[in-house]
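One-letter residues, chain by chain:
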Amino acid sequence: MTTTSVEELDVLIVGAGFAGLYQLENLRKRGFKAKVLEAGGGMGGIWYWNCYPGARVDSEGPIYQFTREDLWKDFGFSELYPGWQELRRYFAHVDEKLDLSKDIRFNARVESATFDEETNRWTVEAGDGSTTICRYLVLCTGFGSKPIFPDIPGLDDFEGVSHHTGLWPQEGVDLRDKRIAIIGTGASGVQVAQEAAKSASQLTIFQRTPVQALPMRQFDLSDEDNERIKLDLEERFSRRGTTFAGFEWDFIPKSALEVSEEERTATYEELWEGGFKFWLGTYQDVLFEEEANDTAYRFWRDRTRARIKDPILREKLAPLKKAYPFGVKRPSLERTYYDIFNQDNVELVDLHEDPIERILPHGIRTASGDREFDIIVLATGFDAVTGGLTAIDIVGTDGHSLKDKWSNGVEAYLGVATAKFPNMFFLYGPQSPSGFCNGPTCAELQGDLILDTLDYLRDNGYSRIESEPDSDRNWTSHVAELTEAGLYEKANSWYMGANVPGKPRQLLNYPGGLPTYFQKWSEMADAGYKGFAVT
Ligand code: NA7
């Protein structure tokens, strides 16, 4: 494709991660003229951008893939929790099978989208100079496509190497024998820290809030393991849509407090072996009731503290009194994170005690003094869920801008559409299950809802669909009610928008679980797309 073309499509998809690729494949199959614009130089969404040392998925590989049989039959991961290189190999395999990239324009960051009320079409401009005119705009920008840089004086003065984990150079950075600073201890910070600790001459981790990381039981997978996994993979896939978080397992339908301490401990021991099961496969009230939550926190804390030798570090990394309820900030999976603090080359700086004052040309100044570094890793996260959408200058009817509309908080009907922005859908977006859901599950199951909607419109000769303002408001109130019933508000998390200064505080994901979400969708669709104005 040339860079100055104007192309007309039925559907323009933005983003070539799991969600966008699923849309492309299936829209083509259903006879829509569809293409993808992708800011990155390759497929994979976050797996294109997040290529920092140690980047890997926290879901088990076999369940973190598309369910099409011809895709999984011929592919096997070499580790249970695959790293970014292997995920790229997976996307190359998908491309080879489905021939997707011929309909993807890479290195084309979408800058603006404007709705034309005369024609009911969107005009979309991208950074590569292209213009696309489309009936429907499907935004698959993911939850983490806009990195957040910390507001620390002197950040630009640093003369060493400094990168955000979400914008890591494709050619990589050699960490060996370097003095490395990592700012941030979320999933990305934990993963880089584990890698860096192996070979850095000095690693200093700047912690604002302790992460609650869970053990990743990583295994190599042989060919035989992969063949064995495939025996019941279809059954595992089929369970994904029936569970809260889109995995093949679900919450235990019991209170943590209704069982004996022995039974609870035995359950926690078992969950401890299962990655996110300790978080999203636990007793059903752990994320909702403080006392139940305490039982999970204490188990996590005691197991974690046992690995840290220094009592001061122990208290900073896994405090006796919880800093926030267990699991209402995204836990990370780790293998060696808590062990590296027993190494002589690893240091923790608690930013509450010793805040960063400024970045210097050769290091970082905190209240206690200066440290020199060769590399500063900014593992400071993303303007999550909404940032990828509001980064685009989207103008709907009557000149309404999406960014302005959501400046005081998100309103989104069923987490896929918002009033004044006709013929526009977002997937894995605000107020949908997204952040609480296994990515590929949402890409397919929520993706099907959008595909069916586009079929419905075409089959009935409609050319315009728009959510009604009341529908937005009612869905937002529903999400708020569910939020109040849980413990999410008690943490400053990206789930709550709390990691971005000035961002309205509101739960950005749907906390009712997939089955409830799909039930609400079915009620809407069965009632003739109730709550949408369709013309
Ligand atoms: P996260 O999970 O948002 O983590 C960002 C980390 O950076 C977190 O520890 C933050 O502390 C810290 N942070 C952010 N800004 C600052 C400043 N200004 N100073 C010091 N520390 C700061 O992002 P990740 O990239 O790790 O993970 C994102 C998601 O990707 C993750 O949830 C998975 O779904 C995969 P805080 O906790 O806000 O106090």
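If you check an unreviewed UniProt entry, the protein appears there as NAD(P)/FAD-dependent oxidoreductase from Pseudonocardia yuanmonensis. Quoted verbatim from the Cofactor (unreviewed entry) field of UniProt, the annotation for the protein is "FAD". Among the UniProt annotations of the protein, the heading Sequence similarities (unreviewed entry) holds the following wording: "Belongs to the FAD-binding monooxygenase family."

Colleague: Any chance you could break down the packing of helix α1 (residues 18-29) against helix α15 (residues 439-459) for me, citing the residues and the numbers?
Modeller: With their axes 9 Å apart at the nearest point, α1 and α15 run at an angle of 40° to one another. The angle between the axes of α1 and α15 places the two elements in the oblique class. For the pair α1 and α15, the sense of crossing is right-handed. Contacts between α1 and α15 involve Phe18, Ala19, Tyr22, Gln23, Asn26 and Leu27 on the former and, on the latter, Pro440, Ala443, Glu444, Gly447, Asp448, Ile450, Leu451 and Leu454.

Colleague: Got a sec to walk through the sheet that holds strand β12 (residues 346-350)? Specific residues and values, please.
Modeller: Pairing within the open sheet is parallel, and its five strands lie in the order β7-β16-β8-β9-β12. Each edge of the open sheet is held by one strand with a lone partner, namely β7 (161-164) and β12. Direction aside, the axes of adjacent strands within the sheet are offset by 15° on average. Of the strand pairs in this sheet, strand β8 (residues 179-183) and strand β9 (residues 202-207) are connected by five bridges, and their pairing is parallel. Residue Arg179 lies in a different strand from β9, and its bridge partner there is Gln202.

Colleague: Can you tell me about the packing of aromatic side chains, naming the residues and giving the values?
Modeller: On inspection of all chains with the given rule, the structure shows 44 aromatic pairs. With 6.0 Å between their ring centres and 75° between their planes, Trp475 and Tyr517 make a pair best called edge-to-face. Of this pair, Trp475 sits in helix α16 (residues 469-484) while Tyr517 sits in helix α17 (residues 514-526), and the two are 42 residues apart along the sequence. Pair check on accessibility: Trp475 and Tyr517 agree, each one buried. Grouping aromatic residues by their ring pairs yields a cluster made of Phe18, Tyr22, Trp47, Tyr64, Phe66, Phe75, Phe77, Tyr90 and Phe91. Across from the ring centre of Tyr324, 5.8 Å away, lies the NZ or CZ of Lys329, which sits over that ring.

Colleague: Give a description of the pattern of salt bridges that names residues and reports values.
Modeller: Evaluated as defined, the whole model comprises 46 salt bridges. Across the pair Arg68 and Asp70 runs a salt bridge, and its minimum N-O distance is 2.6 Å. With a relative accessible area of 32%, Asp70 lands in the partly exposed category. For Lys405, the salt bridge is made with Asp472, and the minimal N-O distance between the two is 3.1 Å. Remark: Asp472 occurs in helix α16 and Lys405 occurs in helix α14 (residues 402-405); sequence separation between them is 67 residues. Classification of Lys405 as partly exposed rests on a relative accessible area of 25%.

Colleague: So, empty space enclosed by the protein: which residues are in play, and what are the values?
Modeller: Applying the stated rule across the entire model yields three cavities of 30 Å³ or more. In this structure, the largest cavity spans a volume of roughly 70 Å³. Asp58, Ser59, Glu60, Ile63, Tyr81, Phe247, Glu248, Trp249, Gly274 and Phe276 are the residues that line the largest cavity. The residue inventory of the lining of the largest cavity, partitioned by class, reads five nonpolar, two polar and three charged. Volume-wise, the second largest cavity comes out at about 50 Å³. Of all the elements, helix α6 (residues 223-231) adds the most residues to the lining of the second largest cavity, at three residues. Grouping the constituent residues of the lining of the second largest cavity by class yields six nonpolar, three polar and one charged.

Colleague: Run through the sheet that holds strand β13 (residues 356-360), naming residues and quoting values.
Modeller: Taken in spatial order, the three strands make up an open sheet running β13-β14-β15, and their pairing is antiparallel. Looking along the sheet, the strands with just one partner apiece sit at the ends: β13 and β15 (369-372). Between one strand axis and the next, the sheet turns through 20° on average, direction left out of account. Of the strand pairs in this sheet, β13 and strand β14 (residues 363-366) are connected by four bridges, and their pairing is antiparallel. Bridge pairing in β14 links Leu360 to Gly363.

Rules and cut-offs
- Residues numbered from 1 in each chain as written.
- Predicted model: local features only at pLDDT ≥ 70, side-chain atom pairs only at ≥ 80, totals over all residues.
- Heavy atoms only, no water.
- UniProt positions renumbered as here; feature names shortened; annotations may be inferred.
- Axes fitted to C-alpha atoms, helices over the stretch in contact; angles between N-to-C directions.
- Helix = DSSP H or I, 4+ residues; strand = E, 2+ residues; numbered from the N terminus.
- Parallel < 35°, antiparallel > 145°, perpendicular 65-115°, else oblique.
- Left-handed = near helix turned anticlockwise from the far one by under 90°.
- Contact = heavy atoms within 4.5 Å.
- Pairing = 2+ DSSP bridges.
- Phe/Tyr/Trp six-rings, centres within 6.5 Å; stacked < 30°, edge-to-face > 60°.
- Buried < 20%, exposed > 50% of the residue type's maximum accessible area, 1.4 Å probe, protein only.
- Lys NZ or Arg CZ within 6 Å of the ring centre and 35° of its normal.
- Salt bridge = Lys/Arg side-chain N within 4 Å of Asp/Glu carboxyl O.
- 1 Å grid on protein atoms, 1.4 Å probe; cavity = no way out; pocket = protein on both sides within 12 Å on 5 of 7 lines; lining within 4 Å.
- Points joined across faces, edges and corners; volume = space filled by probe spheres on them.
- Nonpolar A, V, L, I, M, F, W, Y, C, P; charged D, E, K, R; others polar.

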